[in-house]
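Observations on the model geometry
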Amino acid sequence: RPLGATAGGLVPASFRNAACRTKVRNFLRGKTMLFTMLFALALALYLPVAWVSIGMPSSLGADVVLLIVMLLFAIELILLSAVDASYPLSFFFFMDCIGTLSMLADISFLLGVPAEEEQRHAAGETDMTLLRATRTAKIGARAGRLSRLVKLMRFLPGIGGPGGPEGEDEKLKQISNQLTNVLSKRVACLTILLVIVMPLFTLGAYPEGDFSKEVWTESLWRRVQRIRDLQASNGCTTGCVQAVDEFWQAVDRFASFYAGREYGPYSICVAGDPAQQGGLVGCRDLSDRSHFAEPERRSFRMHIATNDLAATFDYSAPTRSEADMSLVLISLVIVLMCGACMLLNYSASELAVRPLERMMTSIKKSAKAIFSTVSAMAPSEDAEDFGEDMDGEVALLERVVRKIATLAEISSKKNPFDAATMTGMKTEELGVLALTALSNASRAEIQAPLVDAGSGMDLTEKQQNRTEISVTMQWQLEEIGLVYEVLNSWDFNVLDLNDKKQEQVVAWLMMNNPGSCHYTENNVDISKLRAFVAILRGGYIANPYHNFAHAVDVTHTVFRYMVLLQAESVLSMLDQFSLLVAAASHDIGHIGLNNSFLTEVQHELAIRYNDRSPLENMHCCKLFEILSQQPVNVFSNVPADQYRDVRKTIIDVILHTDITQHPGMVQELELLYEMNSKVFEASSNDMLGEAEVEVLSTTENKKLILKALLHGADISNPTKPWNISQDWATMVLDEYANQGDQEKSRGIPVQALNDRDKVNRPTSQIGFIEFIVGPWVVAKVKVFPALSQINLMLCENLSFWQRMWVEESNPNDAEREKVKERITKITNLLRSSNRWTQQAMPGLVEPKSARRRRSFSLG
């Protein structure tokens, strides 16, 4: 709010000057002013009651001091209202107003009670209630002054900003001060309310009091009245004299009654005509009988009168006790406020400020690393002037912030498609999304495999070995009846081979992978390898999809990935061989039912593995049961400690074939790219450069590559040429339908993709590509541009499925337009991830059989 609106005409025009306001504000918030006001506050709180406690006979000294304190409070209130726009109408403003105005009740010549005035006696219940209400109001008004104490809380031990060099932790100091301010307000408000409110609950109760004073004075007055009646009727006879004696005896008993109490009478007076009533009229000193004397301070005296009789009591002790209790109460409230504030501040510091301090320290270290790595963003020719060029520094900072924002977005996003996109989706598409909606199993931590022979070669040596190996492989492959050019392409179709040929292909891929053939030639017995593959084939069940042909296809896809990626630049030979073994066995023993079904029906596998990836755990178990047999253990020449690492690697990659692990792996690939985007974008072709190899060769990134290669191969059907992709899609839906039949027979809910009577094959594949395969391929191709061919094939297959959907379903214009928008969105995303070319590559040319097959399927 503008100062003019806040201060009005309360301050002179000079205060409207910003510099002057700043000086005054700093003075008011300075330690000198704060401690001056603290001393004034102590006087305002303690002086009125302390003046009573010591029994000063005059209020003049206290009135002068309290008047000065009230003026200080008023001046501070006015100045703060003038120079601090946040002060008026704030909590402190109202409490300061109450505290300042409450001073009027303590200054005797204003609204206070002077020391020279005797106490008034509350004669009845109404008077007692009024007295209590007055005392409560006075306590509450004085409690309002305690809010000023809140301003000094930050000087208490343990309260205030964190330590450190000047300016280093300024933000933390501000946060700590703000937190202390907020907590102090709450504590002060709560304490003050308790002081004010608690006594209110006793106002309606029957007033507790000592009525003996009234009873005694009433009794004595009745005796005086009886004596006067006797004198009026008979004159002063013997009976009258006896009544007077009895009266003075009663007075003696009256004085003796209070001898052991804190208060008592020190005089009693009877009004009347001395000539007529003799010794009855006048005042009598009772101090020798009651041991009470006339107090010097008149407010300690209590005068009780009943008609013509008056007794005066010494109330010094009770009044002093009340003042002492007020002092204790004020001190207790201050201790409670300070103690509670310190305790809350300590708790808040431990729960918020200290962790924030540690986090900011970590951020500072990270920021230094970011700025050191991001400095490459700035043009090199401006490097010398960068420190002086604020525009360049701001631009660089903007790039850093954008980078951090991108990483935060990747880390926090859960679904790349918004609710509007999902609205109106068909059952098949929602079923695809449901595949990844299950709870992710905890990821196993793996250790990096030990370096084997060949991992120390530089890039040139490894590329030369690839050329030499490719010459040797050709004649070995001809024994199987295949051509290497076909096998090392996406046109290879495992479904064209019989079981024996499939078994031979797997053994050949394991033995002759260019990136690991040196290792297998020296460490793997070919007969043992063939026996191992034969047992693997026997372990697969003849399911429509999860069968040995699928294992061969995944093994071939991993082989192709590693050839295209030059995996030997990053992965050791043992890494690559272990990955091929994992690919061939990743679905061994699969029973044609998914994990969700097994968990739903409490299958023995789900019970055994506690509902955590039961199939994948079973596959790992079966594989290592086979490897435990020495005649087929293809890792028999691997040292024991290195074999443990191999086992961890294989288990980790197979467990990550669980579809519920998919979203997390997509996120990991996106983060890998964003964290090292400059390195990946600097490459001029799809060959891995030294900088890329350095990034990908870290332990964590090698783990991610191994998991990504197998998982990507496991869901790679839509990235194959159309004829191959279509066949695999049919087989997987057949297996889903078989599970749906079991779900119907068991009376449990049928999963979205499993009802053979309702599932639309093109729609299910469009959804599978859109929600699962598409985002995965986009993330993977950004990191591995050599795989851009699968990106383009995926786009083509998506358009084929769209065309088939239109011809089979004959949708209306609205449905067609909606699906078209979805496909256009994912297609544009896929094509944008190709950094090197937007044109189809040679592998995209379909065989004639594939074109005939598509023409037939499309009618």
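Figured I'd write up the structure that's included with this text.

The rules behind each value
- Residues numbered from 1 in each chain as written.
- Predicted model: local features only at pLDDT ≥ 70, side-chain atom pairs only at ≥ 80, totals over all residues.
- Heavy atoms only, no water.
- Helix = DSSP H or I, 4+ residues; strand = E, 2+ residues; numbered from the N terminus.
- Contact = heavy atoms within 4.5 Å.
- Areas by Shrake-Rupley, 256 points an atom, 1.4 Å probe, with all protein chains shown as cover.
- Pairing = 2+ DSSP bridges.
- Axes fitted to C-alpha atoms, helices over the stretch in contact; angles between N-to-C directions.
- Phe/Tyr/Trp six-rings, centres within 6.5 Å; stacked < 30°, edge-to-face > 60°.
- Buried < 20%, exposed > 50% of the residue type's maximum accessible area, 1.4 Å probe, protein only.
- Lys NZ or Arg CZ within 6 Å of the ring centre and 35° of its normal.
- Salt bridge = Lys/Arg side-chain N within 4 Å of Asp/Glu carboxyl O.
- Disulfide = S-S within 2.5 Å.
- Parallel < 35°, antiparallel > 145°, perpendicular 65-115°, else oblique.
- Left-handed = near helix turned anticlockwise from the far one by under 90°.
- Nonpolar A, V, L, I, M, F, W, Y, C, P; charged D, E, K, R; others polar.
- Core = buried A, V, L, I, M, F, W, Y, C linked by side-chain atoms within 4.5 Å.

Along the backbone of the chain there are 36 helices and 4 strands. For the chain, contacts bridging at least 24 residues in sequence account for 77% of all contacts bridging at least 6. Summing over all exposed atoms, the chain offers an accessible surface of approximately 41,100 Å²; the carbon and sulfur share of this is 57%.

On the basis of which strands lie adjacent, the open sheet formed by 4 strands has the order β2-β1-β4-β3 and antiparallel pairing. The strands lining the two open edges of the sheet, one partner per strand, are β2 (282–285) and β3 (301–306). With direction set aside, neighbouring strand axes in the sheet form an average angle of 20 degrees. Taken together, the 6 bridges between β3 and strand β4 (residues 309–314) define a ladder with antiparallel strand orientation. Bridge pairing in β4 places R301 opposite D314.

Pairs of aromatic rings are described using the distance from one ring centre to the other and the angle between the two planes. This structure, assessed with the given rule, holds 19 aromatic pairs. Here Y540 and F548 contribute two aromatic rings whose centre-to-centre distance is 5.7 Å and whose plane-to-plane angle is 65 degrees, an arrangement assigned as edge-to-face. Note on Y545 and W728: the rings are 5.7 Å apart at their centroids and 90 degrees apart in plane angle, and the pair reads as edge-to-face. With Y545 in the loop between α21 (526–539) and α22 (548–565) and W728 in helix α32 (residues 722–746), the pair connects residues that are 183 residues apart, well separated along the chain. Given a relative accessible area of 4%, Y545 falls into the buried group. Aromatic ring contacts, followed pair by pair, group W216, F254, F257, Y258, Y263 and F313 into a single cluster. Sitting over the ring of F624, R647 keeps its end group 4.6 Å from the ring centre.

In terms of backbone geometry, most residues other than glycine have negative phi values and most peptide bonds are trans. Backbone geometry at Q602 places phi at a positive 55 degrees, although glycine is not the residue there. Note on placement: Q602 falls in the loop between α24 (595–600) and α25 (604–608). Notably, N610 is not glycine yet its phi reads approximately 55 degrees, a positive angle. Positionally, N610 belongs in the loop between α25 and α26 (614–627). Here N610 falls in the exposed class, since its relative accessible area comes to 58%.

Scanning the entire structure with this criterion turns up 10 salt bridges. Across the pair R822 and E770 runs a salt bridge whose closest N-O atoms are separated by 2.5 Å. Taken as a pair, R822 in helix α35 (residues 813–832) and E770 in helix α33 (residues 761–783) lie far apart in primary sequence, 52 residues in all. Take R822 and E770: they sit in the same class, and that class is buried. Residues participating in the shared-partner salt-bridge network are K744, D755 and D757.

Glancing now at the state of the cysteines. Across all of its chains, the model carries 1 disulfide by this definition. Disulfide pairing places C269 opposite C283 at an S-S distance of 1.9 Å. On the S-S bond that ties C269 to C283, the torsion sits near 110 degrees, and the link is right-handed. Here C269 is found in strand β1 (residues 264–270), whereas its partner C283 is found in strand β2, with 14 residues between them in sequence. Residue classification places C283 among the exposed positions, given a relative accessible area of 60%.

Following the sequence through the fold, S527 ends up in helix α21. A relative accessible area of 45% means that S527 is categorised as partly exposed. Spatially, the C-alpha atom of S527 lies 9.8 Å from that of V634, the residues being 107 residues apart in sequence.

A few words now on the side chain of N797. Mapped onto the secondary structure, N797 falls in helix α34 (residues 788–809). Judged by its relative accessible area of 2%, N797 is buried. When residues no more than four places from it in sequence are discounted, the contact partners of N797 are P718, T719, K720, P721, W722 and S725.

Across the interface, α32 lies against α34 with an axial gap of 10 Å and an inter-helix angle of 60 degrees. By the angle between their axes, α32 is oblique relative to α34. Every pair of crossing elements has a handedness; the one defined by α32 and α34 is right-handed. Here W722, S725, Q726 and A729 of α32 come into contact with α34, specifically with N797, F800, W801 and M804. By residue class, the composition of the contact of α32 with α34 is 5 nonpolar, 3 polar and no charged.

Let us look at the side chain of D553. Among the secondary structure elements, D553 is positioned in helix α22. Owing to a relative accessible area of 3%, D553 belongs among the buried residues under this scheme. Look past the residues within four positions of D553 in its chain and what remains in contact with it is V494, S716, N717, K720 and W728.

Glancing now at the packing of α22 against helix α31 (residues 699–714). The geometry of α22 relative to α31 is characterised by a closest axis approach of 8 Å and an angle of 130 degrees between their N-to-C directions. Accordingly, the angle class assigned to the pair α22 and α31 is oblique. Handedness of the crossing formed by α22 with α31: right-handed. Contacts between α22 and α31 involve H550, V554, T557, V558, Y561, M562 and L565 from the first element and L709, L710, G712, A713 and D714 from the second. In terms of residue class, the contact of α22 with α31 is made up of 8 nonpolar, 3 polar and 1 charged.

With that settled, the discussion passes to the nonpolar core. The nonpolar side chains of a soluble globular protein tend to be buried, and buried together. Membership of the largest hydrophobic core comes to 117 residues, with the highest contact counts inside it found for M510, F532 and F635. The greatest single-element share of this core, amounting to 12 residues, is contributed by α33. Here F532 is in contact with M510, V581, L623, I626, L627, V632 and V634, once residues within four sequence places are set aside. Counting residues in each nonpolar core, the second largest holds 28 residues, with V24, A44, M70 and C338 among its members.

These figures capture arrangement, not role.
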